[in-house]
Amino acid sequence: MARKLTEEKINEIMETGIREFADSGYDRANTNVIAHKAGISVGVLFKYFKNKEGLFLACLRHSLDILEGVLAEVENSDDNAFGKAESLFRTVIGFSRRHGDYIRMYHMITTGSNKALTAKLASEIEGVSAKVYGAYIAKAQQTGELRSDISPEKAAFFFDNLLMMLQFTYSCDYYKQRLAMYTGIDADDEAADEEMIKQLLLFVDGALG
């Protein structure tokens, strides 16, 4: 009888899957390669994950759970609206550097390379950030820290767009080059983060403050 995999090993398999999906995209990702890199047989892989789509969904939800936990820390903090915005920027930049494969996998979905998966996952993926940013905007308006003449739903959408592009900027090669072209900043240079965050705060304060 095959030995039951530990939770640690299952997480290792998902992290391996995330890297493969991020590098190759869903259609070209190979479950044989994932199994080999994770040090298991394909038979064991499909014992825990029904098929390729099942593995992909598990990988995606694994990454979303981690992101949701990180964002919840900011959401539950006692900071004012400006302080939370700063924390969100720092969190997103740090998360994107540490978990670049998660963001690249997410970016692959947004390109619509697999329309069936895109339609199925859009609400699940966006639900994580929409909940956090929607609550952030609504609370800031209630406390008078954010202008009241803007729709909270649209403000949350615009804010999410900003943070989504920030994620891509610190994890995807194309967007890293884009940052360098516009600002001269190397996305991998952590010494430049303070100036970046300062300018982001000025931008948001001007738009919403």
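Above this text sits the structure in question.
Residues numbered from 1 in each chain as written. Predicted model: local features only at pLDDT ≥ 70, side-chain atom pairs only at ≥ 80, totals over all residues. Heavy atoms only, no water.

Colleague: How should I be thinking about the pattern of salt bridges in this particular structure?
Modeller: A side chain with one charge may pair with a side chain of the opposite charge, provided their charged atoms come close. Going through the model one piece at a time under the given rule, you end up with 8 salt bridges. In this structure, Glu194 engages Arg90 in a salt bridge whose closest nitrogen and oxygen atoms are separated by 2.8 Å. With Glu194 in helix 10 (residues 193-208) and Arg90 in helix 5 (residues 81-98), the pair connects residues that are 104 residues apart, well separated along the chain. Judged by its relative accessible area of 47%, Glu194 falls in the partly exposed class. Measuring nitrogen to oxygen at the nearest pair gives 3.1 Å for the salt bridge that ties Asp188 to Lys176. With Asp188 in the loop between helix 9 (173-183) and helix 10 and Lys176 in helix 9, this pair connects stretches of sequence that are 12 residues apart. The partly exposed category is assigned to Asp188, whose relative accessible area is 47%. (Salt bridge = Lys/Arg side-chain N within 4 Å of Asp/Glu carboxyl O. Helix = DSSP H or I, 4+ residues; strand = E, 2+ residues; numbered from the N terminus. Buried < 20%, exposed > 50% of the residue type's maximum accessible area, 1.4 Å probe, protein only.)

Colleague: Explanation requested: the nonpolar core in the structure shown.
Modeller: Note on soluble globular proteins: their nonpolar side chains tend to be buried together. Membership of the largest hydrophobic core comes to 68 residues, with the highest contact counts inside it found for Phe21, Phe56, Phe89 and Leu166. Not counting residues within four places of it along the chain, the set of residues in contact with Phe56 comprises Phe21, Tyr26, Met105, Met108, Ile109, Leu117 and Leu121. (Core = buried A, V, L, I, M, F, W, Y, C linked by side-chain atoms within 4.5 Å. Contact = heavy atoms within 4.5 Å.)

Colleague: When you look at the environment of Lys198 in this model, what are you seeing that I'm missing?
Modeller: Residue placement: Lys198 occurs in helix 10. For Lys198, a relative accessible area of 48% gives the class partly exposed. Through-space distance from the C-alpha of Lys198 to that of Phe89 is 9.8 Å; in sequence the pair is 109 residues apart.

Colleague: How do you make sense of the environment of Gly83 when you look at a structure like this?
Modeller: Along the polypeptide, Gly83 turns up in helix 5. In this structure the C-alpha to C-alpha distance between Gly83 and Leu201, which are 118 residues apart in sequence, comes to 9.5 Å.

Distances and angles like these do not, on their own, reveal function.
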